[in-house]
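Single-letter residue listing:
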There are 4 protein chains.
Amino acid sequence: MGKKRVNVGLIGYQFMGKAHSNAYRQVNHFFDLPVEVNMHTLCGRNEAAVTAAAAQYGWANVETDWRKVVANPEIDVIDVSTPGNLHAEIAIAAAQAGKAVFCEKPIGNTLSEAEAMLKAVQAAGVPHAVFHNYRKAPAVGLAKQLIESGRLGTIYHFRAVYLQDWIADPNFPLVWRLQKEIAGSGTHGDINAHIIDMARYLLGELDEVCGLLHTFVKQRPKAGAINDKLGAEATNEMGEVTVDDAAMFLAKFKSGALGTFEATRFAVGRKNHHRWEVNGSKGSIVFNLERMNELEYYSEEDPADVRGFRVIQATEGVHPYAGHYWPAGHIIGYEHTFINLLADAFTNMEAGKRIEPDFVDGYENQRVLDAVERSSDSREWVKL
Amino acid sequence: MGKKRVNVGLIGYQFMGKAHSNAYRQVNHFFDLPVEVNMHTLCGRNEAAVTAAAAQYGWANVETDWRKVVANPEIDVIDVSTPGNLHAEIAIAAAQAGKAVFCEKPIGNTLSEAEAMLKAVQAAGVPHAVFHNYRKAPAVGLAKQLIESGRLGTIYHFRAVYLQDWIADPNFPLVWRLQKEIAGSGTHGDINAHIIDMARYLLGELDEVCGLLHTFVKQRPKAGAINDKLGAEATNEMGEVTVDDAAMFLAKFKSGALGTFEATRFAVGRKNHHRWEVNGSKGSIVFNLERMNELEYYSEEDPADVRGFRVIQATEGVHPYAGHYWPAGHIIGYEHTFINLLADAFTNMEAGKRIEPDFVDGYENQRVLDAVERSSDSREWVKL
Amino acid sequence: MGKKRVNVGLIGYQFMGKAHSNAYRQVNHFFDLPVEVNMHTLCGRNEAAVTAAAAQYGWANVETDWRKVVANPEIDVIDVSTPGNLHAEIAIAAAQAGKAVFCEKPIGNTLSEAEAMLKAVQAAGVPHAVFHNYRKAPAVGLAKQLIESGRLGTIYHFRAVYLQDWIADPNFPLVWRLQKEIAGSGTHGDINAHIIDMARYLLGELDEVCGLLHTFVKQRPKAGAINDKLGAEATNEMGEVTVDDAAMFLAKFKSGALGTFEATRFAVGRKNHHRWEVNGSKGSIVFNLERMNELEYYSEEDPADVRGFRVIQATEGVHPYAGHYWPAGHIIGYEHTFINLLADAFTNMEAGKRIEPDFVDGYENQRVLDAVERSSDSREWVKL
Amino acid sequence: MGKKRVNVGLIGYQFMGKAHSNAYRQVNHFFDLPVEVNMHTLCGRNEAAVTAAAAQYGWANVETDWRKVVANPEIDVIDVSTPGNLHAEIAIAAAQAGKAVFCEKPIGNTLSEAEAMLKAVQAAGVPHAVFHNYRKAPAVGLAKQLIESGRLGTIYHFRAVYLQDWIADPNFPLVWRLQKEIAGSGTHGDINAHIIDMARYLLGELDEVCGLLHTFVKQRPKAGAINDKLGAEATNEMGEVTVDDAAMFLAKFKSGALGTFEATRFAVGRKNHHRWEVNGSKGSIVFNLERMNELEYYSEEDPADVRGFRVIQATEGVHPYAGHYWPAGHIIGYEHTFINLLADAFTNMEAGKRIEPDFVDGYENQRVLDAVERSSDSREWVKL
């Protein structure tokens, strides 16, 4: 293409690795970017597995030691998609090596890790991004525009749930996502973090929170071989679940709005039910990730006899990102939120502008996660 | 109440008898009518059954001979809610006796009966009404207003289905609604008639039609004792089904719009799925009787980024009839369409105005039914 | 009908008075009760208004002094549908006079009032009922059956919202429902109480709560003449809003389940959005009052390839109450929940059985309301 | 990958060219195919445009003369994605050159073209496929399984609509899709063909049809420069619309089932509303392309109190194709139907098996299109 080439090194190759790989592969084909994204190196500890993954996903090289990727002078961007316990070390090393750092959320397993990471990228002056990819759904972009343009008026309420059911069976094994030392937390960091990001994106910072983290199933069979994107085989030995199965909290925003948040992996029948509603003085909106091409919108300014929640298909040229894909009504999917995020990230990086969302967002998100955890312990409201 | 009292005699006491009784009982309590509606006499051939029904539904008197009801000088309105084969005789006699005649649809079992009935009420100069009650749902009234005010622009399409499943089981018995000599037709007159009325109400007269009537199950167990609103016990003897199980047709309207109509009792899972959609140059609307408090509306005149089908809850004071019931969002049901119809009927009757819908509507409806039947026989388009 | 006649005296004739009147008028026509319900006396302070209401709603007599109704030996049941500040005095007097007492919710404006009322009916040994009418929707009855029969397994989550918008406009006047001395509280007792009742009905007692009551608009124009079911004219003088605009809380149930509750009158576009979801180990259910004829149900026991939330139309003979009305798919409305409640109440009363829900339910509900208020003040969890 | 490489030459690079290109680029990354698909050559008449498109979409070479692509011995598969008037010539030449031929639908602009094309591929013994891609949505694959396994019982009804609105504005210009000599027909071949394919796929062959093709807007501004996926600039000169704006027909299937079909570009608000419902004796299903990850399913075999249409998210490992993408509840989009189609096509091609759908399907589809056109002319039923 004659464009400047940006070489990416991706650390991690499981679920998020697959999603990120796809986005790197596709972003230049749907967007006319100022740079050409090159899938340089995929990194994982298991050489056979990472080699197979690289072939499947389209990476040019493989590596088993992330330090070599970070040290490779050809590589411009380090993408950190490992389990959470490795994020801080890799990201900080990458920043210190002068690489741009794109990191999965939550950026650290603790607030202090997140803070150290933020300081590292800021000290190094490198571009940084966090994969709060759901911001980048066209329907969410439209939601943002409706709020920012004042079409919803003063915002009174934000209410969000993120409901899944993949561990509702007590015999589902103790995979790494259920171990605090690796994952940091359970639903809280994994999916509550997503709706917290939505809240911050749409309404601004939270002011105080009061919440509860809860574990319904305290012991599970230890995990054997991985057998699915999120699963593994169950062994005969039991182990302790050290993360939350559900996390919920009330919040006040600095703006004066009220919020409710609930995340769980025990909502049988709910697969990826990330849903939120915003109520403002002039209107309301509703988003549901399972129907992510749609935004529901109610306008108090419609004629009195025809007010109602309308289902907008955010698939038209006027909607954020949608014009890069297919004609109206031809939907996109989960994977495209990553593509859109990368399109923005590479565009802003090349222009020397702040990427959104970045480690500041990652850190602020983690401040909320941390405050909710403390509230759950102290059984009272916690100020942010 | 000090108002003029209007005495009603109702002929028929099964499903429609129950629905009409309820409406007569309720209409004065929800509407401030110019008259007081009095439930004078309920008439049915089985004395014990009609006596029990009268007690249950609130009628002051019972009668087993409809001719006596028609002849009773105290009675002002004759409501004909018998099976279709008795409509013409009763309605004509009532008209000739100077009574107002309110009749279930389709008014006759044949077009010539309908014509004779229309002539009779016109000759007698008596008020007349037909129970196309779905016109009177608030959401349908709103639909009518949207079309009449031009908010949908030029209408291109009307597409309607009326789907039920209560006889899909081949062992369901041969009740009277499946016998041509009593019911006149099957789905065609029973439920296709309803969506035809909607079409005429909303878009005006049809110009030509091409259709098909079809019977999937040609023999059924003969019916024993009635055991439900629409059902009966099956006997061991088989009998011939002489009506259609499904009826569908294409249409052109005089306005230039196109229409599709489909009625069936073999849509397993569909209980009372009377649904239609209208597409105009400026917008579209959708109605579904199973969610009869709602109207979906799409406006091409909305800002380009927020167009979508909105779900209007037609439960507010600005919506037809809705202000007579409960606050916004507190829904009404099937029975209220009859109450609304009677409210209009008694109001117009007292004011000396035409009731809508009336026998003209009943007759025009039957012209369409008849044309579709002829088209089904001739296998070609039929002009109305 | 030859049945024992039960005479009812209704105190209060506005929104709830209209709904209750309709239910007393209709209950004998849809249900074959052991008694004949007689609408004996309607009571209100404004003689002209109560006289008009009695004529409209079908009451035989009117009275302006509730003490006379309570003292009338002909009257068997006192229905208390006044604003909350009068409940306790009337209900206690009625109990002491040996009347059955049917009372709107919340039964008292404070927990101590509720306690006194409960003691009074228990001491007098009179039948008592509270109008938590939404329990009586067929779809809710079905929900109860699904839970009780174990078809949802162990219950993990209950999440409920009750969203309205009728005071979202800051210029909406300061009607009595916004004055603590009359209404007791705002959304909390008015609508949060409804979803609390659902929670108790479906999952049993709560164990601890943590919540927040909030008032967005602290001053409003004082109210002039009543001009609508819930509204009034705004005057030029401002007054203090002394109740909550929104109320939300987290909860633990004694069973170990978790709950979230949110009630607001500031959810623009939400008219009567009383919606809850229950997640159990074998399935989940969702109810939304605006589509109250439907229950969504997901069963983990369905074949793996066809699992999904099904929309059950709870309008069939197999569903609670539904067989008393219309054929499948012909919906009922808001008013029928009151009719069903009265059918149960009169049946149980005549059989000498406990009515459900009764003042025990009213009192337990109020214990939750009270605990949430205390939590909102103390900013920490409160044990019930 | 060490696999056999299959070289593809794609003729056409506009909307379908983009969709096909994406699918060729992605298919090896989501599926473990027996071959490696190589994007060899993109062909279009405008050299600058095709060169830009090739760079954007990832093709190795460009060509402006399709004959050279067909003649290129390196190329194994010719993909025909031009406007319809060029299909026959290219496809036949490709077959004669021994290439596999993958062709957009409808395969020809006339039935005789389709027949010639089918004969050509059969005579040449080359693999052939037609892009009826919607068969390949996971939810549609599930529908097929439900029917084939007998879980819907005897099928009574198929009813389908394909509603769009992109030319509802009379000032939308006369693009090539509105010109019979290029496009062959309007909605009929473009979108009716899709729902006809669904009907054939799910229920088998049609037996007779009766239909109507209609043009609402008979003159439009001639088209200037292309400015969108489907659009162009309007000029000041008017031209004749020579295709249908809407096409609808009734059908009988050989199985005895009944069908209704309607396609239009004048359904304002409907963007890509390809929706169908199948009713069988044991259950029903509904599919809507705008929510293509979902299938609605009603089973008469569910317990009587919990029957309802369930919304299955066809995103789980048990659903066709879904396991190749993301975890449950993480949706895919329009583009993935093409990827799935290619995965099947290359797999079957390599195995020497018939590809489905192929030119036989294309031809049978066109027999239906042709019969409906003849019926529209003769105004009577036409036997297939």
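Residues numbered from 1 in each chain as written. Chains lettered and ligands numbered in written order. Predicted model: local features only at pLDDT ≥ 70, side-chain atom pairs only at ≥ 80, totals over all residues. Heavy atoms only, no water.

**Student:** What am I meant to see in the domain arrangement of chain A here?
**Tutor:** Reports of interface size often rely on the accessible area that becomes lost once the parts have come together. Residues and elements named next belong to chain A. Partitioning chain A into structural domains gives domain 1 (4–133) and domain 2 (138–291 + 293–332). Computed over C-alpha atoms only, the centres of domain 1 and domain 2 are separated by 25 Å. Every contact between the two is made by 14 residues of domain 1 and, on the other side, 19 residues of domain 2. Both sides of the domain 1 and domain 2 interface together cover about 1,400 Å² of buried area, and 61% of this is carbon and sulfur. Per-residue buried area on domain 1 facing domain 2 is highest for Phe 30, Phe 31 and His 132; these three make up 38% of the total on that side. The tally of links from domain 1 across to domain 2 stands at 1 salt bridge. Here Lys 105 makes a salt bridge to Asp 190, at a shortest N to O gap of 3.6 Å. Along the contact surface separating domain 1 from domain 2 lie 5 residue pairs in polar contact (both at pLDDT 80 or more). Of the residues assigned to the side of domain 1 that touches domain 2, the class counts are 6 nonpolar, 6 polar and 2 charged. (Domains from an automatic or database assignment. Contact = heavy atoms within 4.5 Å. Buried area = accessible area lost by both parts, 1.4 Å probe. Salt bridge = Lys/Arg side-chain N within 4 Å of Asp/Glu carboxyl O. Polar contact = N/O pair within 3.5 Å; in protein donor to acceptor, adjacent residues only side chain to side chain. Nonpolar A, V, L, I, M, F, W, Y, C, P; charged D, E, K, R; others polar.)

**Student:** Is there a simple way to think about the interface of chain D and chain B in this case?
**Tutor:** Contacts between the two partners involve 46 residues from chain D and, on the opposite side, 46 residues from chain B. Together chain D and chain B conceal approximately 3,700 Å² of surface at their shared face, both sides included; 59% is due to carbon and sulfur atoms. It is Tyr 156, Val 268 and Arg 379 of chain D that lose the most area in chain D upon contact with chain B, and together they represent 18% of the buried surface on that side. Of the charged contacts in the structure, one is a salt bridge between Arg 270 of chain D and Glu 277 of chain B, with a shortest N-O distance of 2.9 Å. Scanning the region where chain D abuts chain B turns up 16 residue pairs in polar contact (both at pLDDT 80 or more). Only strand 7 (155–163), strand 8 (206–214), strand 11 (246–253), strand 12 (258–264), strand 13 (273–280) and strand 14 (283–288) of chain D provide two or more residues apiece to the side of chain D that touches chain B. Here the element with the most residues in the side of chain D that touches chain B is strand 11 of chain D; it accounts for 6 residues. In terms of residue class, the side of chain D that touches chain B is built from 20 nonpolar, 13 polar and 13 charged. (Helix = DSSP H or I, 4+ residues; strand = E, 2+ residues; numbered from the N terminus.)

**Student:** Looking at this structure, how should I read the state of the cysteines?
**Tutor:** Working definition: the covalent bond between the sulfur atoms of two cysteines is a disulfide. Tallying each qualifying case throughout the model produces 0 disulfides over all chains. Between Cys 210 of chain B, a free cysteine, and Cys 210 of chain D, which holds the nearest cysteine sulfur, the sulfur-to-sulfur gap is 3.3 Å. (Disulfide = S-S within 2.5 Å.)

**Student:** When you look at the interface of chain A and chain D in this model, what are you seeing that I'm missing?
**Tutor:** Listed per partner, the contact involves 42 residues of chain A and 42 residues of chain D. When chain A packs against chain D, the two sides together hide about 3,600 Å² of surface, and 53% of this comes from carbon and sulfur. By the criterion of area lost to chain D, the three top residues of chain A are His 29, Trp 326 and Ile 331 of chain A, representing 19% of everything that side buries. There are 4 salt bridges connecting chain A and chain D. With a shortest N-O distance of 3.7 Å, Glu 316 of chain D and Lys 271 of chain A are connected by a salt bridge. If you look at where chain A meets chain D, you find 26 residue pairs in polar contact (both at pLDDT 80 or more). Within the residue set of the side of chain A that touches chain D, elements represented by two or more residues are helix 1 (15–30), helix 2 (47–57), strand 16 (308–313) and helix 9 (334–351) of chain A. Sort the elements by how many residues they give to the side of chain A that touches chain D and helix 1 of chain A lands first, with 9 residues. Class assignment of the residues belonging to the side of chain A that touches chain D gives a composition of 18 nonpolar, 15 polar and 9 charged.

**Student:** Which parts of the structure should I look at to understand the sheet that holds strand 6 (residues 128–130) of chain B?
**Tutor:** Consider a sheet: its strands pair through backbone hydrogen bonds, and that pairing is either parallel or antiparallel. Residue and element names in this part refer to chain B. Across the sheet, which stays open at both edges, the 6 strands sit in the order 3-2-1-4-5-6 with parallel pairing between neighbours. Because the sheet does not close on itself, it has two edges, and the strands there are strand 3 (61–63) and strand 6. Strand after strand, the sheet turns through a mean of 25 degrees between neighbouring axes, direction not considered. Examined bridge by bridge, strand 4 (residues 77–80) and strand 5 (residues 100–103) share 4 bridges and lie parallel to one another. Across the sheet, Val 77 pairs through a bridge with Ala 100, a residue of strand 5. Packing against the sheet, helix 9 (residues 334–351) makes contact with strand 1 (4–11), strand 2 (35–43), strand 4, strand 5 and strand 6, and its axis sits at approximately 160 degrees to strand 5. (Pairing = 2+ DSSP bridges. Axes fitted to C-alpha atoms, helices over the stretch in contact; angles between N-to-C directions.)

**Student:** I would appreciate a short explanation of the pattern of salt bridges in the present structure.
**Tutor:** Side chains that carry opposite charge are capable of pairing whenever their charged atoms lie near each other. Residue and element names in this part refer to chain A. In total, this model carries 140 salt bridges over all chains according to the counting rule given. Asp 302 is the salt-bridge partner of Arg 310, the closest N and O atoms lying 2.3 Å from each other. For the residue pair Arg 310 and Asp 302, the accessibility class agrees, reading buried in each case. Ionic contacts of the salt-bridge type, sharing partners, join the residues Arg 135, Asp 197, Arg 200, Glu 205, Arg 354, Asp 358 and Asp 361 into one network. (Buried < 20%, exposed > 50% of the residue type's maximum accessible area, 1.4 Å probe, protein only.)

**Student:** What am I meant to see in the relation of the copies chain D and chain B here?
**Tutor:** Between the two copies, chain D and chain B, the superposition gives an RMSD of 0.0 Å; the rotation angle is 180 degrees and the shift along the axis is 0.0 Å. Here the two chains are linked by the operation of a two-fold rotation axis. Residue Glu 380 of chain D of chain D places its C-alpha closer to the rotation axis than any other residue of that unit, at 2.1 Å. Most of the interface of chain D is mirrored in chain B, where 100% of its interface residues are also at the interface. (Least-squares fit on C-alpha atoms with pLDDT ≥ 70 in both.)

**Student:** Whenever I open this one, the relation of the copies chain A and chain D confuses me. Can you help?
**Tutor:** Two copies of a chain can be linked by a rotation about an axis combined with a shift along that same axis. Once turned by 180 degrees and shifted 0.0 Å along the axis, chain A lies on chain D with an RMSD of 0.0 Å. In this assembly, 100% of the residues forming the interface of chain A have copies in chain D that are likewise at the interface, indicating an isologous arrangement.

**Student:** I tried to follow the sheet that holds strand 1 (residues 4–11) of chain D on my own but got confused; where do I start?
**Tutor:** Residues and elements named next belong to chain D. Strand order in the open sheet formed by 6 strands is 3-2-1-4-5-6, and the pairing between neighbours is parallel. Two strands bound the open sheet, and with one partner strand each, they are strand 3 (61–63) and strand 6 (128–130). Each strand of the sheet is rotated relative to its neighbour by a mean of 25 degrees, with strand direction disregarded. In terms of strand pairing, strand 1 meets strand 4 (residues 77–80) through 4 bridges, oriented parallel. Across the sheet, residue Ile 11 finds its bridge partner in strand 4, namely Val 80. Across the sheet, helix 9 (residues 334–351) is in contact with strand 1, strand 2 (35–43), strand 4, strand 5 (100–103) and strand 6; its angle to strand 5 comes to roughly 160 degrees.

**Student:** Looking at this structure, how should I read helix 4 (residues 87–96) of chain D?
**Tutor:** One turn of the α-helix equals 3.6 residues, which is why residues spaced by three or four share an orientation. Residues and elements named next belong to chain D. For helix 4, the set of buried residues is His 87, Ala 88, Ile 90, Ala 91, Ala 94 and Ala 95. Looking at the buried positions of helix 4, the neighbouring elements they touch are strand 1, helix 3 (66–71), strand 4, strand 5, helix 5 (111–124) and helix 10 (359–378). One or two residues past the end of helix 4 sits Gly 98, with phi positive at roughly 85 degrees.

**Student:** Please clarify how the side chain of Asp 302 of chain C should be interpreted in this entry.
**Tutor:** With respect to the secondary-structure elements, Asp 302 of chain C resides in the loop between strand 15 (294–299) and strand 16 (308–313). Sequence-distant contacts of Asp 302 of chain C, defined by excluding residues within four places in its chain, comprise Arg 307 and Arg 310 of chain C together with Asp 302 and Arg 310 of chain D.

**Student:** I would appreciate a short explanation of the UniProt feature "domain: Gfo/Idh/MocA-like oxidoreductase N-terminal" (unreviewed entry) in chain A in the present structure.
**Tutor:** Mapped onto the present numbering, the UniProt feature "domain: Gfo/Idh/MocA-like oxidoreductase N-terminal" (unreviewed entry) falls at residues 6–130 of chain A. The span residues 6–130 of chain A shows a helical share of 46% and a strand share of 23%, and its end C-alpha atoms are spaced 18 Å apart. (UniProt positions renumbered as here; feature names shortened; annotations may be inferred.)

**Student:** Quick question: what am I supposed to make of the packing of helix 1 (residues 15–30) of chain B against helix 1 (residues 15–30) of chain C here?
**Tutor:** Helix-helix packing is described using two parameters, namely the angle between the two axes and the distance between the axes. Here helix 1 of chain B crosses helix 1 of chain C at 155 degrees, and the two axes come no closer than 12 Å. By the angle between their axes, helix 1 of chain B is roughly antiparallel relative to helix 1 of chain C. As helix 1 of chain B runs across helix 1 of chain C, the sense of the crossing is right-handed. Residue-level contacts link Lys 18, Asn 22, Arg 25, Gln 26, His 29 and Phe 30 of chain B of helix 1 of chain B to Lys 18, Asn 22, Arg 25, Gln 26, His 29 and Phe 30 of chain C of helix 1 of chain C. (Parallel < 35°, antiparallel > 145°, perpendicular 65-115°, else oblique. Left-handed = near helix turned anticlockwise from the far one by under 90°.)

**Student:** So what exactly am I meant to see when it comes to the packing of helix 8 (residues 187–203) of chain B against helix 10 (residues 359–378) of chain B here?
**Tutor:** Residues and elements named next belong to chain B. Two numbers describe how helix 8 lies on helix 10: the axes approach to 10 Å, and their chain directions differ by 115 degrees. Considering only the axes of helix 8 and helix 10, their crossing is right-handed. In this structure, helix 8 contributes His 188, Gly 189, Ala 193, Ile 196, Asp 197 and Arg 200 to the contact, and helix 10 contributes Asp 361, Glu 364, Asn 365, Val 368, Leu 369, Val 372 and Glu 373.

**Student:** Just checking my understanding: could you explain unusual backbone geometry for this structure?
**Tutor:** Where the residue is not glycine, phi is negative for most of them; where a peptide bond is considered, it is trans in most cases. Pro 357 of chain A follows Glu 356 of chain A through a cis peptide bond whose omega is -5 degrees. The topology assignment puts Pro 357 of chain A in the loop between helix 9 and helix 10 (359–378). The backbone of Tyr 321 of chain B shows a phi angle near 70 degrees, a positive value even though the residue is not glycine.

**Student:** What am I meant to see in the environment of Asp 65 of chain A here?
**Tutor:** Note that Asp 65 of chain A resides in the loop between strand 3 (61–63) and helix 3 (66–71). At 2.8 Å, the side chain of Asp 65 of chain A forms a polar contact with the backbone nitrogen of Arg 67 of chain A.

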